[in-house]
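In case you want the letters, here they are:
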Amino acid sequence: MTFLLAAVIVAITLGVTFWASRRNTSASDFYVAGGRISAGQNGIAIAGDYMSAASFLGITGLIALNGYDGFMYSVGWFIAYLTVLFIVAEPLRNLGKYTLADMLVYRLKDPRVRTYAAISTIVVSAFYMIAQVVGAGSLISLLSGGVLTPSVAIPLVGVLMIIYVVVGGMLATTWVQIIKAVLLMFATIVMTVLILNAFGWSFSNLLGNVERLNGQEFLGAGVKYKNPIDLISLSLALVLGTAGLPHILVRFYTVPTAQDARKSVVWAMVLIGAFYVMTAFLGNAANVLVGREAIAAANAAGNMAAPLLAQELFGGAGTVGGEFGLAFVTAVAFATILAVVAGLTIAASTSFTHDIYKGVIRKGQATEREEFRVARLATVAVGIIAIGLGLLAQSQNVAFLVALAFAIAASSNLPVILFTLFWRKFNATGAIWGIVGGILTCLALIAVSPNIMGVDPPEKTTGRRPIQAQALFPLENPGIVSIPAGFAFAALGTLIGARRRRDEEDQAFEEMQFRAYTGAGVDGTVAAHD
Amino acid sequence: MTVSRLPSAAAPPHNPAYTQLVAERNRFTVIMTVTFLVLYFLLPILAGYNKPLMATKVFGNVTFGYVFAFAEFAMGWIMAAIYVVKARTFDRLAREATQ
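For clarity, every value in this text was computed on a predicted model and none was experimentally measured. (Residues numbered from 1 in each chain as written. Chains lettered and ligands numbered in written order. Predicted model: local features only at pLDDT ≥ 70, side-chain atom pairs only at ≥ 80, totals over all residues. Heavy atoms only, no water.)

## Concerning the overall build of chain A
- When you go through chain A residue by residue, the secondary structure sums to 21 helices and zero strands.
- In terms of C-alpha radius of gyration, chain A reaches 23 Å, essentially the compact-globule figure of 24 Å for 530 residues.
- Overall, chain A is about 70 × 55 × 45 Å in size when its C-alpha atoms are taken along their principal axes.
- In chain A, the share of contacts with a sequence separation of at least 24, taken over all contacts with a separation of at least 6, comes to 82%.
- Here chain A has roughly 17600 Å² of accessible surface; of this, 66% comes from carbon and sulfur atoms.
- Of the side-chain charges in chain A, 33 are positive and 28 negative, and the distance between the mean point of each set is 6 Å. (Helix = DSSP H or I, 4+ residues; strand = E, 2+ residues; numbered from the N terminus. Rg over C-alpha atoms; globule rule 2.2 N^0.38 Å. Contact = heavy atoms within 4.5 Å. Areas by Shrake-Rupley, 256 points an atom, 1.4 Å probe, with all protein chains shown as cover. Lys, Arg positive; Asp, Glu negative; His and termini not counted. Charge placed at Lys NZ, Arg CZ, Asp CG, Glu CD.)

## With respect to unusual backbone geometry
Residues and elements named next belong to chain A.
- Unlike most non-glycine residues, A33 shows phi in positive territory, near 55 degrees.
- Note on placement: A33 falls in the loop between α2 (27-32) and α3 (39-50).
- A33 sits in the buried class, given a relative accessible area of 2%.
- In the Ramachandran plot, K363 falls in the positive-phi region, its phi being about 50 degrees despite a non-glycine side chain. (Buried < 20%, exposed > 50% of the residue type's maximum accessible area, 1.4 Å probe, protein only.)

## Here's the deal with the packing of aromatic side chains
- Taken as a whole and judged by the stated rule, the model has 36 aromatic pairs over all chains.
- Taken together, a centroid distance of 5.0 Å and an interplanar angle of 85 degrees make the contact between Y68 of chain A and Y66 of chain B edge-to-face. One end of the pair, Y68 of chain A, is in helix α5 (residues 68-95); the other, Y66 of chain B, is in helix α3 (residues 64-98), on a second chain.
- With a centroid separation of 6.3 Å and an interplanar angle of 80 degrees, the aromatic rings of F86 of chain A and F28 of chain B are classed as edge-to-face. Placement of the pair is F86 of chain A in helix α5 and F28 of chain B in helix α1 (residues 16-49), with the two residues belonging to separate chains. For the pair F86 of chain A and F28 of chain B, a shared accessibility class is recorded, and that class is buried.
- Aromatic ring contacts, followed pair by pair, group Y68, F71, F78, F203 and F281 of chain A together with Y66, F70, F73 and W77 of chain B into a single cluster.
- Taking NZ or CZ as reference, K224 of chain A lies 5.8 Å from the ring centre of Y225 of chain A, over its face.
- Positioned above the aromatic ring of Y106 of chain A is the side chain of R515 of chain A, whose terminal nitrogen or guanidinium carbon lies 4.4 Å from the ring centre. (Phe/Tyr/Trp six-rings, centres within 6.5 Å; stacked < 30°, edge-to-face > 60°. Lys NZ or Arg CZ within 6 Å of the ring centre and 35° of its normal.)

## Overview of helix α1 (residues 2-21) of chain A
All names here are of chain A.
- Its 20 residues give α1 an end-to-end C-alpha distance of 28 Å, which sits within 8% of 28 Å, the value for a rise of 1.5 Å per residue.
- Turning to α1, its buried residues are A6, I9, V10, T13, V16, T17 and A20. The arc that holds the buried residues of α1, viewed along the axis, is 125 degrees, so those residues lie on one side.
- Buried residues along α1 sit against α8 (150-198) and α15 (320-361). (Expected span 1.5 Å × (residues − 1). Arc of directions from axis to C-beta.)

## Structural notes on the packing of α3 of chain A against α8 of chain A
Residues and elements named next belong to chain A.
- The geometry of α3 relative to α8 is characterised by a closest axis approach of 8 Å and an angle of 75 degrees between their N-to-C directions. Taken together, the axis directions place α3 and α8 in an arrangement best described as roughly perpendicular. Residues Q41, I44, A45, A47, G48 and D49 of α3 form the contact with α8, whose participating residues are T174, W175, Q177, I178, K180 and A181.
- Split by residue class, the contact of α3 with α8 holds six nonpolar, four polar and two charged. (Axes fitted to C-alpha atoms, helices over the stretch in contact; angles between N-to-C directions. Parallel < 35°, antiparallel > 145°, perpendicular 65-115°, else oblique. Nonpolar A, V, L, I, M, F, W, Y, C, P; charged D, E, K, R; others polar.)

## Topic: the confidence of the model for chain A
All names here are of chain A.
- Here chain A averages 87 in pLDDT, while 96% of its residues score no lower than 70.
- Looking across chain A, the model is least confident in helix α21 (residues 526-529), with a mean pLDDT of 31, and most confident in helix α19 (residues 479-497), with 95.
- Below pLDDT 50 for its whole length, residues 524-530 participates in 16 contacts with residues either more than four positions away or in separate chains. (pLDDT = per-residue confidence, 0-100.)

## Details of the pattern of salt bridges
- For the structure on display, the rule yields 14 salt bridges over all chains.
- Between R362 of chain A and E370 of chain A there is a salt bridge, with its nearest N and O atoms 2.1 Å apart.
- The partly exposed category is assigned to R362 of chain A, whose relative accessible area is 30%.
- E370 of chain A gets classed as buried once you look at its relative accessible area, which sits at 18%.
- Here E510 of chain A ties to R424 of chain A by a salt bridge, and the two come within 2.8 Å at their closest N and O atoms. With a gap of 86 residues between them, E510 of chain A in helix α20 (residues 504-518) and R424 of chain A in the loop between α17 (399-422) and α18 (428-447) connect regions that are remote in the sequence.
- Among the charged side chains, a salt-bridge network with shared partners connects E90 and R262 of chain A together with R25 and D91 of chain B. (Salt bridge = Lys/Arg side-chain N within 4 Å of Asp/Glu carboxyl O.)

## Quick look at the interface of chain B and chain A
- The interface of chain B with chain A comprises 59 residues on the first partner and 69 residues on the second.
- Counting each side, the surface lost to burial between chain B and chain A is near 5600 Å², with a carbon and sulfur contribution of 69%.
- Between R262 of chain A and D91 of chain B there is a salt bridge; the shortest N-O distance is 2.8 Å.
- Connecting chain B to chain A are 12 residue pairs in polar contact (both at pLDDT 80 or more).
- For the side of chain B that touches chain A, the elements supplying multiple residues, two or more each, are α1, α2 (51-54), β1 (57-59), β2 (62-63) and α3 of chain B.
- Of all the elements, α3 of chain B adds the most residues to the side of chain B that touches chain A, at 19 residues.
- Considered class by class, the residues forming the side of chain B that touches chain A number 37 nonpolar, 15 polar and seven charged. (Buried area = accessible area lost by both parts, 1.4 Å probe. Polar contact = N/O pair within 3.5 Å; in protein donor to acceptor, adjacent residues only side chain to side chain.)

## Overview of the environment of A97 of chain B
Residue and element names in this part refer to chain B.
- Relative to the elements of secondary structure, A97 occurs in helix α3.
- Judged by its relative accessible area of 0%, A97 falls in the buried class.
- Expressed as a C-alpha distance, the spacing of A97 and N61, which sit 36 residues apart in the sequence, is 55 Å.

## Quick notes on a nonpolar patch on the surface
Residue and element names in this part refer to chain A.
- Taken together, Y116, I119, V436 and L440 make up a surface patch of nonpolar side chains, about 320 Å² in accessible area.
- Contributions of two or more residues to the nonpolar patch are made by α7 (111-143) and α18.
- Within the secondary structure layout, I119 lies in helix α7. (Patch = residues over 30% accessible without salt bridge, like charges linked within 9 Å, V, L, I, M, F, W, Y side chains within 5 Å.)

## Structural notes on the side chain of D230 of chain A
- Within the secondary structure layout, D230 of chain A lies in helix α10 (residues 228-241).
- Excluding its chain neighbours within four sequence positions, the residues that come into contact with D230 of chain A are P474, L475, E476 and N477 of chain A.

## A short note on the side chain of E72 of chain B
- In this structure, E72 of chain B sits in helix α3.
- Buried within the structure, E72 of chain B lacks any salt-bridge partner; its nearest side chain of opposite charge belongs to K51 of chain B, at an N-O separation of 17 Å.
- Contact partners of E72 of chain B, with chain neighbours within four places excluded, come to V75, F78 and I79 of chain A together with L39, Y40 and L43 of chain B.

This is the structure in structure tokens:
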């Protein structure tokens, strides 16, 4: 039944993809659906892009296994949208064309910045994508009862996402994300209603059962995170990283105006917020109804908590309802992975084609048709690389790759975006230093952190850390050090580059600011209201 | 959608509406951002350094930790709503600034 439902979802999304293919005829269509997506559609698609399997399966599992600590991820990921809403969404829409590099180069007028911004986009997308692809592989293998091994499941997901993106471009990707977001919300709401019904419509009663089974510490913080600095560092990366994630930023270029960018973030916040609130019900109910032992037995990281909870809520193992619940939630998780991976693929291939191929290799001379062709070829290449890296990394722990993508985005992209928008003296040298310094600091700290370094007990045979030595950097997430470092590098580079400062840079800043604040120069913004 | 460059020879117009837009928008952004960051970081800080408070029951079995976390969601929605209302002023000033 799982396969049947998953096949139905794949069939529907492929149908949408071929429908979209008729309107996917230019580079602009491919990158940003011609900028024609409405604010409401875009908001649901942002939500669909964001509520990855790490959120739905990961957080439910974290709460089920660790109690309250898991729920703190939900809060951080939701609050991150305030950063996006207040600071980046509208100015980015006003300044950008297709990519983050477009916006930076518009102000800084230096082609080198384009290369570095593109590299940063590709690095962040790659870390995020490998994590999703590897997660997809182990998840599908788990859910199919081992019928599809990760070595089969990873290429399967990869090929499907290449088809979505190559054939349908951004329009199809957007609709795949919308379909997935609606399915995921529907599944989550139905499960929450069933949970409330089972516990007398009382959250207090649900928590009472958690306490009875696990002890009082499950209702408070500290089961998973013992070190407060680690928790604060993680929170920093979550709340600041979203505003630098390329696949989220690219979604602001798919709408016509800055007002639409704002509206889409608000839409996304309503959906994402409602979803993350419900994770508190799902996680705690999974703890009570399925039990920690059964969840951990299915998957040590807790990834099976939500599907097993659905099975329990719809009648239990062996019943028709229970099997349907399990199959439905499994199929939704599958759609979730496809949608998120498609969004990442489009961000990475857009950046490669538009910034590196057209902007740097062809010095802006490529024709629209040529660019469109290269964009599709780049998608196939990105997809094949993701499949390859996913297969290589399939036995590694993937949670740290996601947190690492957030930390890199917050340390390299965010300082450069903020300084570009608000700092008059900021220059191209500062942007390059900020991007390179932020990424390298982040990667270096991760390489000597407990994610990579540590002494595993000899009886542990799988998932051993690559470097068997005491970790040099104590925190799992480098955000608390690497984010200030990113800002410091960007500031330092600016001061060093200031000697070569030209007079027209002041004028460029004024012009950029005028457009960022008013939207002047973007058709359909201000003019439409006159 | 097409993006055209402003005529770069001419400096952007400096009118009262634009000056007011920049000042109001910057003030709003700074106040809101500082407010939400402070309120948000209270959560991981309390969770790290005051575990007994987080585990204190407020309503029935609902602990302070859950009440505070749900309040963060309410804060997020309220601040987004405030921004949506305030943005009408920004949109009006932006129209005036470009006329």
